[in-house]
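Report on the structure
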Amino acid sequence: MAEQSKIEWTDHTFNPWEGCQKVAPECDNCYAEARDVRFTGGAHWGPKAPRRRTSAQNWNKPRRWNAQAQAFHAAHGRRQRVFCASLADVFDNAVDASWRDDLWALIRECDQLDWLLLTKRPQNIAKMLPPDWGNGWPHVWLGTSAGTQKSADQNIPHLLKAPAAVRFVSAEPLLGSIDFAAVPKEKISKNITICFGALTGVDGLGHSGPRIDWVICGGESGPNARPMHPDWARSLRNQCRAAGAAFFFKQWGSWAAEIDRDEDDPDWRANYSKAKRDGWAILNVEGGTGFHGDRVHLMKRVTKSAAGRSLDGQLLNEVPYGCL
Ligand code: SF4
């Protein structure tokens, strides 16, 4: 509930309530759950646990940001982005439906903000949208998480079925390679092509149809963080480039790619016993650990700030351009 968010791709975070339940491998090291355990013993986590609605004072924050919209735009040349919700899921079945109605009313009222709703339950979006949603409110961006191909295959079709001004995919934590073109199209609707990028409705590959405008990519941080192979991130970047979608590289997380074996040790002469003793991870592009497999990298545990957030020497802070 930070007033100014530390999350790189948003200006504010707003949590209308707190509490959730793990639904995917990407949730394994959920920061929000760890926080709830620390402060309440985990009282708001799990299928039967009551969610906690945040205070009226907290619900007033977006109104304040909304009132400051002109000043923010004058200073930054763009609209404020609000990530809702970082400690919960807007489309959670276990949330009292009247709370979500109140949230839609608040979002409707605060239309000088761009609201970013990111969910791991995209199958619920269609049935939980407000009745006057139409083709999507222009100031609301809908997103879903996909850290693996399996999650992409499951979640992206539901996202694409929902009308939205902007759609985005959060590939964080990125746990494997993802090929957007492999997402099964028959799950969306017959004869439809998935289109990435280009707010005109036709992407850089000449496809038209429901589109993904933005991909956020990031590695995991924290004590149990899993490493991200650089080629997984590069592939997402390149797919966005080809299609004209915006790509935001958020962070490496707690692991840095220290040695690219193909580049740094092509003759396989180095002795890695010290690296292994020091707890480095060996990762190939298929996600396997060990020296077999393609594109073997040695990943070193470092702090999140030491790992940084540049990919191949570039900071990639793109957002959907039509919405600045
Ligand atoms: S959906 Fe989000 S908030 Fe809920 S458990 Fe998973 S990572 Fe945590």
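In case you missed it, the structure is sitting above this.
Residue indices begin from 1 for each chain and proceed along its sequence in written order. Reporting of local features is limited, given that this is a predicted model, to residues whose pLDDT is at least 70; pairs of side-chain atoms are given and counted only at 80 or more, and all residues count toward the totals for whole chains, interfaces and linings.

**Quick notes on the overall build of the protein chain**
- Numbered from the N terminus, helices here are DSSP runs of H or I no shorter than four residues, and strands are runs of E no shorter than two. Each helix and strand in the protein chain was counted, giving ten helices and 16 strands.
- Three exposure classes are used. Buried residues have 20 or more other C-beta atoms within 10 Å of their own C-beta, exposed residues have 12 or fewer, and partly exposed residues fall in between, all C-beta atoms being placed from the backbone. Counting over 324 residues, the protein chain shows a buried share of 40%.
- In the protein chain, 74% of the contacts between residues at least 6 apart in sequence involve partners at least 24 apart. For every residue pair, C-beta atoms are placed from the backbone, and the pair is scored as a contact if these atoms sit within 7 Å.

**Looking at the sheet that holds strand β4 (residues 80-84)**
- The pairing criterion is simple: DSSP has to find at least two bridges between the two strands. Here seven strands make up an open sheet; going across it, the order is β1-β4-β5-β6-β7-β10-β11 and the pairing parallel. Among the strands making up the open sheet, the edge pair consists of β1 (12-13) and β11 (246-251).
- With four bridges connecting them, strand β7 (residues 166-171) and strand β10 (residues 214-218) associate as parallel partners. Residue pairing across strands places Ala171 opposite Cys217, the latter belonging to β10.

**Describing the sheet that holds strand β13 (residues 281-283)**
- With respect to topology, three strands assemble into an open sheet ordered β12-β14-β13, the strand pairing being antiparallel. This sheet does not close on itself; its edge strands, each paired only once, are β12 (255-260) and β13. The average undirected angle you get between the axes of adjacent strands in this sheet is 35°.
- Inspection of the sheet shows β12 paired to strand β14 (residues 297-301) by five bridges, in the antiparallel sense. Considered in β14, the bridge of Ala256 is made with Lys300. With axes taken as lines fitted to C-alpha atoms, and helix axes fitted only over the stretch in contact, angles between N-to-C directions fall between 0 and 180 degrees.

**Remarks on the environment of Ser254**
- If you trace the backbone, Ser254 turns up in the loop between β11 and β12.
- Those residues in contact with Ser254 that lie beyond four places of it in its chain are Glu220, Ser221, Gly222, Ala225, Arg301, Val302, Lys304 and Ala307.

**Let's talk about helix α7 (residues 230-243)**
- Any helix carries an expected span of 1.5 Å times its number of residues minus one. If you check α7, its first and last C-alpha atoms are 20 Å apart, about what 14 residues at 1.5 Å a residue would give, namely 20 Å.
- Pro230, Trp232, Ala233, Leu236, Arg237, Gln239, Cys240 and Ala243 are the residues of α7 that are buried.

**Here's the deal with the environment of Ser145**
- Residue position: Ser145 is located in strand β6 (residues 140-145).
- The class of Ser145 is buried, set by 25 C-beta atoms lying within 10 Å.
- Here the alpha-carbon distance between Ser145 and Lys120, two residues 25 residues apart in the chain, equals 5.6 Å.

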